[in-house]
Amino acid sequence: DGMVIASSLSASLNSDVVAGLASFLITTTRRSLNEGGLGEFTRFVLQAPNGKILLMDLGESFLVVHTDQFARLESSRMEVEEAAREVQRVSRVSA
């Protein structure tokens, strides 16, 4: 199961559902990549008709970014990478 540390989701989204979906995607993607001999993923983007999910492996945790279908993730890359660094920094401090 995914455990939410912090979230900023719209009221129409349940953070536990998003965490469960992310956990499932991470588990199955890791297994599939391993079985295919491709190794671990560092970043994974799922595009669907009603939105996008970006998963970033941060070592001990994952950053999950949920957007609408119109978001241009390429344009937000710097902000997402900065958020990932901040999550890693906070994780080290609190450990």
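In this text the structure is predicted, and so the values were computed from the model without any measurement.

What counts as what
- Residues numbered from 1 in each chain as written.
- Predicted model: local features only at pLDDT ≥ 70, side-chain atom pairs only at ≥ 80, totals over all residues.
- Heavy atoms only, no water.
- Helix = DSSP H or I, 4+ residues; strand = E, 2+ residues; numbered from the N terminus.
- Rg over C-alpha atoms; globule rule 2.2 N^0.38 Å.
- Buried < 20%, exposed > 50% of the residue type's maximum accessible area, 1.4 Å probe, protein only.
- Contact = heavy atoms within 4.5 Å.
- Areas by Shrake-Rupley, 256 points an atom, 1.4 Å probe, with all protein chains shown as cover.
- Lys, Arg positive; Asp, Glu negative; His and termini not counted.
- Charge placed at Lys NZ, Arg CZ, Asp CG, Glu CD.
- Core = buried A, V, L, I, M, F, W, Y, C linked by side-chain atoms within 4.5 Å.

Here we look at the overall build of the chain
In terms of regular secondary structure, the chain is built from 2 helices and 3 strands. Listing the helices and strands of the chain from first to last along the sequence gives α-β-β-β-α. For 95 residues, the compact-globule formula gives about 12 Å, and the C-alpha radius of gyration of the chain, at 14 Å, lands near that figure. Taken along its principal axes, the extent of the C-alpha atoms in the chain is 40 × 35 × 30 Å. Taking all 95 residues of the chain together, 24% fall into the buried category. Contacts in the chain between residues at least 24 apart in sequence constitute 26% of all its contacts with a sequence separation of at least 6. Carbon together with sulfur atoms contributes 53% to the accessible area of the chain, which is approximately 6900 Å² in total. Separation between the mean location of the 9 positive side-chain charges and that of the 12 negative ones in the chain comes to 5 Å.

Thoughts on the nonpolar core
Counting 8 residues, the largest nonpolar core consists of Leu54, Met56, Leu58, Leu63, Val65, Leu73, Val80 and Ala84. Secondary structure elements with two or more residues in this core: strand 2 (51–57), strand 3 (62–67) and helix 2 (77–94). Those residues within four positions of Leu54 in sequence are excluded, and the remaining contacts are Arg43, Phe44, Val45, Leu63, Val64, Val65, Leu73 and Val80. Leu25, Ile26, Phe41 and Ile53 belong to the second largest nonpolar core, which has 6 residues in total.

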